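Listed below are the residues making up each chain.
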Amino acid sequence: MVIGADNVSLTFQTNDGPVHALKDVNLTVERGEFVSFIGPSGCGKTTFLRAIAALEHPTGGTLSVNGMTPDEARRARAYGYVFQAAGLYPWRTIAGNIRLPLEIMGYSKSEMDERVKNVLELVELSGFGKKYPWQLSGGMQQRASIARALAFDADILLMDEPFGALDEIVRDRLNEELLSLWARTGKTIGFVTHSIPEAVYLSTKIVVMSPRPGRITDVIESPLPKERPLDIRDTPEFIEVAHRVRDGLRAGHGDEL
Amino acid sequence: MTDTPVSGAGGGIGRTARASWVARALSGGLLPVVTVVIAILAIWYVAVVPMNIKEVLTQQERAGAEIVPPSAAERRDAGRWGLVFNNFDLIGPSWSMERARLPAPHQVAQELWASTWDEEVNGRRGIVRSGTLSNRSLIYHGGVTLGATVVGFLIGAALGVALAVGIVYSRVMDLSVMPWAIISQTIPIVALAPMIIVVLYSVGLSGLVAKAVISAYLSFFPVVVGMVKGLRSPDQMQMDLLHTYNATPAQQFWRLRLPSSVPYLFASLKIGIAASLVGAIVGELPVQRGGLGARMLGGSYYGQTEQIWAALFAAAVLAAGLVWLIGWIERRTLRAMGAPT
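Rules behind the numbers
Residues numbered from 1 in each chain as written. Chains lettered and ligands numbered in written order. Predicted model: local features only at pLDDT ≥ 70, side-chain atom pairs only at ≥ 80, totals over all residues. Heavy atoms only, no water. Domains from an automatic or database assignment. Contact = heavy atoms within 4.5 Å. Buried area = accessible area lost by both parts, 1.4 Å probe. Salt bridge = Lys/Arg side-chain N within 4 Å of Asp/Glu carboxyl O. Polar contact = N/O pair within 3.5 Å; in protein donor to acceptor, adjacent residues only side chain to side chain. Helix = DSSP H or I, 4+ residues; strand = E, 2+ residues; numbered from the N terminus. Nonpolar A, V, L, I, M, F, W, Y, C, P; charged D, E, K, R; others polar. Expected span 1.5 Å × (residues − 1). Buried < 20%, exposed > 50% of the residue type's maximum accessible area, 1.4 Å probe, protein only. Arc of directions from axis to C-beta. 1 Å grid on protein atoms, 1.4 Å probe; cavity = no way out; pocket = protein on both sides within 12 Å on 5 of 7 lines; lining within 4 Å. Points joined across faces, edges and corners; volume = space filled by probe spheres on them.

1. Re the domain arrangement of chain A
Residues and elements named next belong to chain A.
Part 1: Annotation of chain A at the domain level lists domain 1 (3-78 + 154-256) and domain 2 (88-153).
Part 2: Look at where the C-alpha atoms of domain 1 and domain 2 centre, and you get two points 25 Å apart.
Part 3: Each partner contributes to the interface: domain 1 provides 16 residues, whereas domain 2 provides 14 residues.
Part 4: For the pair domain 1 and domain 2, the two sides together bury roughly 1300 Å², of which 65% comes from carbon and sulfur.
Part 5: Of all residues in domain 1, the largest losses of buried area upon contact with domain 2 belong to R77, A154 and L181, amounting jointly to 34% of the total for that side.
Part 6: Linking domain 1 with domain 2 are three salt bridges.
Part 7: Across the salt bridge formed by E124 and R173, the nearest N and O atoms sit 3.7 Å from each other.
Part 8: Linking domain 1 with domain 2 are four residue pairs in polar contact (both at pLDDT 80 or more).
Part 9: For the side of domain 1 that touches domain 2, the secondary-structure elements that each account for two or more residues are strand 6 (156-160) and helix 6 (168-185).
Part 10: Element by element, the count of residues in the side of domain 1 that touches domain 2 is highest for helix 6, at seven residues.
Part 11: Broken down by class, the residue content of the side of domain 1 that touches domain 2 amounts to nine nonpolar, one polar and six charged.

2. Quick notes on helix 4 (residues 109-122) of chain A
All names here are of chain A.
Part 1: Taking 1.5 Å as the rise per residue, helix 4 with 14 residues should run 20 Å; its terminal C-alpha atoms sit 20 Å apart, in good agreement.
Part 2: Within the sequence span of helix 4, burial applies to M112, R115, V116, V119 and L120. Projected down its long axis, helix 4 carries its buried residues within an arc of 130°, all on one side. Set apart from the buried face of helix 4 by more than 90 degrees, the exposed residues are S110 and K117.
Part 3: Packed against the buried residues of helix 4 are helix 3 (94-104) and helix 5 (138-150).
Part 4: Just downstream of helix 4, E124 is the residue with a positive phi angle, here 60°.

3. Side note on the interface of chain A and chain B
Part 1: Chain A puts 26 residues into the contact, and the matching count from chain B is 20 residues.
Part 2: For the pair chain A and chain B, the summed buried area comes to about 2100 Å², and 61% of that belongs to carbon and sulfur atoms.
Part 3: At the junction of chain A and chain B, the tally comes to two salt bridges.
Part 4: At the boundary of chain A and chain B, one finds eight residue pairs in polar contact (both at pLDDT 80 or more).
Part 5: At the level of secondary structure, the elements contributing two or more residues to the side of chain A that touches chain B comprise helix 2 (70-75), strand 5 (79-82) and helix 3 of chain A.
Part 6: For the side of chain A that touches chain B, the element with the highest residue contribution is helix 3 of chain A, accounting for four residues.
Part 7: The residue inventory of the side of chain A that touches chain B, partitioned by class, reads 18 nonpolar, one polar and seven charged.

4. Observations regarding the side chain of R295 of chain B
Part 1: Checked against the element boundaries, R295 of chain B lands in helix 13 (residues 292-301).
Part 2: When neighbours within four sequence positions are excluded, R295 of chain B is seen to be in contact with E111, S115, R136, L138, H141, Q307 and A311 of chain B.

5. What to know about empty space enclosed by the protein
Residues and elements named next belong to chain A.
Part 1: Considering all chains together, one arrives at two cavities of 30 Å³ or more under this definition.
Part 2: Counted as a void, the largest cavity has a volume near 70 Å³.
Part 3: As for the largest cavity, its lining consists of L122, V123, R143, I146, F163, L174, E177, L178 and L181.
Part 4: Only helix 5 and helix 6 provide two or more residues apiece to the lining of the largest cavity.

Here it is, written out as structure tokens:
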């Protein structure tokens, strides 16, 4: 078990009273799984991902990452985190940006160069190392930020709507690349999205969430094979899983719709 | 449209080449600058007439001219424009008065030339004959002011950056330093400068150091404000990213906050160095031991208005040069930091 959530609750205290971002969330993620969190805004999917990364702290229940508390896991550099925006430093080259976590973690110069070269290949950005972020398209920038998260080779990759700001054509291509990257590296991936096709296409496990309070309404183990060409989205199996996700989302909304 | 006067002015031999050179200069932003300069000179030349009319009329009267109204007592209370229109044929000497209330631009230009090049190259005290800069030249006095400006600016900028770092990293400093920094800037520097000089003199500090302290006093504030804003400019996502790497506060400062603050720093350094020059000049007013401030006050003691204006222009040129220098360093730095060129 890589990630374990046992009755995790998280309440924000605001001026308008407490907001229950997460309530009694139970989930187990095994090594090598690709888990998507899907739901409407306010369902706590990003909060849950941030709690795993120790960027938020649960107010109830227990959460474990690699058998440690999330904060211990963070200090052990157990995960790489990809944000919605690429967030590359404009004053660093692409290679310089990827080197950032390696510098902070104190890798040697030769080790850094080696790793930068490897992850640039992994995200198909070889030859772009000396470019500055403004010289790259949005999709390429996001690939560079994934490379940055992969550079120090953590077992877990947490991604918070990484392709949310990109157009659908670029998104399809990056989804395909992400799957092949996952197959090659065998990492455990937590992936937040609000796109049903994206969640179904990528995941081995789909966690459907709903808001007020943020909670899990359904966990779907995908029956799709590990090898997934893009046109798998037209198969009956795919459409059936997508249906079940949609049903889960609708059930979660309940009386509101 | 702009080509018409250009080809007119450049007419004759080499017309095409010269026209293209002028056209390039004009498209490079020279035209608006030249337009404004011409407008200012025009207003200045016109303003010289009413400003100097009473002295001009007194001089004309001595020379035997008929003035309207004839008595000096009446003229004292009369409006300047009225005197100009009543004695329009007598205003000729307005632009060549000695110790004019408002000297004409060419008189100021003559004074500038005389107290820079002419004084140093042809003067008895000049660098060519004596080997040292003349204490009557604006180059010497500009140098005195420049020294205090630069030293004060360096102290002020360093102090400003240090205070900004403290404010960003310490909540106590955030709450305690900023209000005092703001209050410090509400006190008129003209009132404060003599006191600073007296206090520093009593502890044995005078000359350049005393002026530099006033410069630093004026220049640290914009640097604090700009730097605090710059150091706080990274967004939450970028802070979170470093948090996921378990970066130390020092790493966060050197790798994120400091580089993020660079554009803000340079903007406030430009304001700071101009303020620093003002501080140095104000610091020279009460002391009278050289510097552009001393020249300005000296000129006003003896009614040498050209000298005041010449020193004023020297200060403006100095300020423009210093701000340009900071801008040049800024462009070099930002280019080295990967900014699009």
